[in-house]
Amino acid sequence: MKTTGDKILDRTLDKIGGKGLFVKELDHALLSGTVDITIHSLKDLPSELPEGIRIAAYSKREEAEDVLILPQGSDSIDKGLPIGCASSRRTAQLKGLFPDMDIKPVRGNVLTRLEKLDRGEYSALVLAKAGIGRLGLDKRISREFTAEEMLPAAGQGIIAVECRDGCEFGFLDAVNDLGSQIRAEAERAFIREMNGGCSAPAAAYCTLNGDMAYITGMDVKNGRVIKKSIKGRAEEAAELGRRLALMIKSEE
């Protein structure tokens, strides 16, 4: 199904309603009974789901970090051209990593963006490593950012399966990854408490070590990037995410 977000490519997402546009038509098909399940990149799902829809399963998380991609044949960034990215989260962090570079929005699917890059419209692109890997384009990666350099979007690297409330699809237990679920719920609780939509600069990243959860959250206020971390028991990860958001809000 083609969604509004797939069709409108001449404006940035924050100008046309945020990344929720990528799921609107699929949500309608789900609620109307046209389909029974829908599958999304979790980072594209709003932190507040429409009434009547729930996430039934989370895939095992792929590497969640972002990567830098240069034009084919290049081995360094051309400072005369902008770096292309599609989110305010990346833009805010790139300004710290590349203070002497222009950062410009880029729209379209991954292959379309790569075409624009190779045509000479951008000096580099910043994309999710998971998406590049799914397309078998790992060789295009020039640099992998650590989570400390570029905090990933909440849910990045996880595929989510949605269904209607009240529907029981036991077969989805076979694909649900509990570790991903815990991390996703923590990150999405942070975004929800920050009142951040998918196009907001807020970001959160949770890692697990045994029964402990470690969460880093970020927001941008008046151009200043605010980052904080929290740790606690994994079974309380969602509450930790909410508390971390309150900590960051108190600094703003």
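Look above for the structure.
What this report covers is the structure whose coordinates are included nearby. (Residues numbered from 1 in each chain as written. Predicted model: local features only at pLDDT ≥ 70, side-chain atom pairs only at ≥ 80, totals over all residues. Heavy atoms only, no water.)

Bringing the sheet that holds strand S2 (residues 53–58) into the picture now. Pairing within the open sheet is antiparallel, and its three strands lie in the order S1-S8-S2. Among the strands making up the open sheet, the edge pair consists of strand S1 (37–41) and S2. Strand-to-strand twist in this sheet, taken as the mean axis angle between neighbours without regard to direction, amounts to 35 degrees. The sheet contact formed by S1 and strand S8 (residues 159–164) spans five bridges and is antiparallel. Residue Ile39 lies in a different strand from S8, and its bridge partner there is Val161. Packing of helix H3 (residues 24–32) onto the sheet brings it into contact with S1, S2 and S8, and relative to S8 it is tilted by some 40 degrees. (Pairing = 2+ DSSP bridges. Helix = DSSP H or I, 4+ residues; strand = E, 2+ residues; numbered from the N terminus. Axes fitted to C-alpha atoms, helices over the stretch in contact; angles between N-to-C directions. Contact = heavy atoms within 4.5 Å.)

This next bit is on the pairing of S8. Burial within S8 is extensive, with five of its six residues counted as buried. In terms of strand pairing, S2 meets S8 through five bridges, oriented antiparallel. Considered in S8, the bridge of Ile53 is made with Arg164. (Buried < 20%, exposed > 50% of the residue type's maximum accessible area, 1.4 Å probe, protein only.)

Quick look at helix H5 (residues 110–118) now. Arg113, Leu114, Lys116 and Leu117 are the residues of H5 that are buried. Seen along its axis, H5 keeps its buried residues to an arc of 160 degrees; they face one direction. Contacts made by the buried residues of H5 are with strand S3 (66–69) and strand S6 (124–128). The N-terminus of H5 is capped by Asn109, whose side-chain oxygen sits 3.2 Å from the backbone nitrogen of Leu111. Of the residues trailing H5, Gly120 is marked for its positive phi of about 95 degrees. (Arc of directions from axis to C-beta. Polar contact = N/O pair within 3.5 Å; in protein donor to acceptor, adjacent residues only side chain to side chain.)

Below, the discussion takes up the nonpolar core. In terms of nonpolar packing, the biggest core is built from 18 residues, with Phe190, Met194, Ala213 and Ile215 touching the most fellow members. The set of elements that each furnish at least two residues to this core consists of helix H7 (178–193), strand S9 (203–209), strand S10 (212–221), strand S11 (224–233) and helix H8 (237–251). In terms of residue count, H8 provides more of this core than any other element does, five residues in total. Leu68, Cys85, Met101 and Val126 belong to the second largest nonpolar core, which has twelve residues in total. (Core = buried A, V, L, I, M, F, W, Y, C linked by side-chain atoms within 4.5 Å.)

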